Amino acid sequence: MVSLASAVFGVCFLVFFSIGNAKYSTLKYFNVKDYGAVADEKTDNSQAFMKAWYEACHWEGGGVVYIPHGTYYLKQVSFVGPCWSFMRFIIKGVLKAPTNPSLFNTNTWIGFRYIDGLVVKGGGYLDGQGASAWPYNDCSKNPKCMTLPVSMRFDFVKNSRIHHLRSINSKNSHITLFACHNINISYIRLTAPDESPNTDGIKIGVSTNIKISRTVIQTGDDCIAMVTGSKNIDISDVTCGPGHGISIGSLGGSPGEIVTGIKVRNCTFIGSQNGVRIKTWAPSSASVASDIYFGGIYMEHVYNPILIDQQYCPNPSSCSDLAQDNSKVQISNVTFSNIWGISKSKVAVTLKCSKLVPCKNVQLDNINLKYHGRGGPATSSCLNVIGDSYGRQSPPSCL
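How each quantity is defined
- Residues numbered from 1 in each chain as written.
- Predicted model: local features only at pLDDT ≥ 70, side-chain atom pairs only at ≥ 80, totals over all residues.
- Heavy atoms only, no water.
- Salt bridge = Lys/Arg side-chain N within 4 Å of Asp/Glu carboxyl O.
- Helix = DSSP H or I, 4+ residues; strand = E, 2+ residues; numbered from the N terminus.
- Buried < 20%, exposed > 50% of the residue type's maximum accessible area, 1.4 Å probe, protein only.
- Core = buried A, V, L, I, M, F, W, Y, C linked by side-chain atoms within 4.5 Å.
- Contact = heavy atoms within 4.5 Å.
- Pairing = 2+ DSSP bridges.
- Disulfide = S-S within 2.5 Å.

Asker: What is the right way to read the pattern of salt bridges from this model?
Answerer: This model, assessed by the stated rule, comprises 6 salt bridges. Linking D222 and R277 is a salt bridge whose minimum nitrogen-to-oxygen distance equals 2.8 Å. Taken together, the residues span a long stretch of sequence, with D222 in the loop between β14 (208–218) and β15 (224–226) and R277 in strand β20 (residues 274–281) at a distance of 55 residues. A single burial state applies to D222 and to R277, both of which are buried.

Now the structure itself:
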């Protein structure tokens, strides 16, 4: 009887212990409406969102910040970890950014920082209301120009996913990754008018092991931009255009910049200014871009389908002719493979490298780009390039 009583006591204790700790072991939803959020397009919901985040972040079983259908006005918010467990941020509704210029002087609209294990998803929209801010983007002329906010920024975030989300009319970039690791982005759509300034789709810097796939980007600047510190980036099944293409750089603005281990595969460019591009400043500091692969890519009426530009200068009035060959960025081990379609310009392949540090080991493999305009057919142009070409070459290779 003693052993039976002990057994019954043990079972009861385990049941009691499990019930008492249930809140620490189960996923829990934190609906922003329960914290005062109002979907009326005018009430500032930033405090309600922050309160929901704080409680979800401190739930040991895993917290879910839930934003139901409706349109929510939201000022600048920053969701900061570390959190007690993994986090989910589910956007079903539409989040609208401010249009008052007094609220533009920040680099981020919606930010996530210092989080390990985050998922952002839900099928909702981020509406940056960028038309209210684009007239203030005069940085090419004004060194004291106003900083405009990125729609969604991730800093020091790792082991996370962003999927099934849409961003429209960002004031600056749609999504920025800085100092992130092991991030998977898929099934997102980023849209802004082709004349909207500096509206990069996804901008990556000082980040490693980033995967982007099954994404549509139509914007006014680079569809994807990889700047210094971008390493082991895998991009596939992305449709780009309008926009300035998928770009590495600009590099060389500071000493020791590096981008390496880049793969861009099975992508489509439609009506974009550039296709696949590497760009460096001239003059520039010693830096490196290496181990880069562009393959399985279709171009439809793209102005510069294949481009290496080591004389990059978006504002020609500030660049001297003497600086044009002064890039110190070493570009090496670059492959362009199985790229086909229609070029909007006669020069379909431009490899314009530095006289100081010529590009090394550049490979052109099965290129088939046609030009149907005046003065055709398509041509290629090479400057200071060391490399080889293989398979079909249309236009004829300049290597």
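Past the structure itself, the notes keep going.
Asker: Help me understand the nonpolar core, please; the structure alone is not making it clear to me.
Answerer: For soluble globular proteins, nonpolar side chains are generally found buried alongside one another. Core analysis: the biggest nonpolar cluster contains 88 residues, and W53, F112, F154, F294 and F336 have the highest contact counts within it. What W53 contacts, discounting residues up to four positions off in sequence, is V65, F79, V80, C83, M87, F89, F112, I115 and L118.

Asker: I tried to follow the pairing of strand β18 (residues 258–265) on my own but got confused; where do I start?
Answerer: The side chains of a regular strand alternate between both faces of the sheet. Summarising the sheet, strand β16 (residues 231–240) and β18 pair through 5 bridges and their orientation is parallel. In the sheet register, K231 faces β18, and the bridge partner there is T260. Of the strand pairs in this sheet, β18 and strand β21 (residues 287–302) are connected by 7 bridges, and their pairing is parallel. By the bridge assignment, I262 is partnered in β21 with I292.

Asker: Before we go on, may I ask you to explain the state of the cysteines in this structure?
Answerer: Simply put, the disulfide is a covalent bond whose two ends are the sulfur atoms of two cysteines. The full count for this structure, using the stated rule, is 4 disulfides. The disulfide that involves C353 links it to C359, with 1.9 Å between the sulfurs. Looking along the S-S bond of the C353-C359 disulfide, the torsion reads about -95°, which is the left-handed sense. Of the two residues, C353 and C359, neither departs from the other in class, the shared state being buried. Note that C382 is cross-linked by a disulfide to C398, the S-S spacing being 1.8 Å. Taking the sign of the torsion about the S-S bond as the criterion, the disulfide between C382 and C398, at about 60°, is right-handed. Of this pair, C382 sits in strand β26 (residues 379–383) while C398 sits in the segment after β27 (385–394), placing them 16 residues apart in sequence. Looking at C398, the relative accessible area reads 27%, which means it is partly exposed. In this model C180 remains outside any disulfide bridge; the closest cysteine sulfur is found in C83, 14 Å from its own. Free cysteine: C267, not disulfide-bonded; nearest cysteine sulfur from C240 at 8.6 Å.

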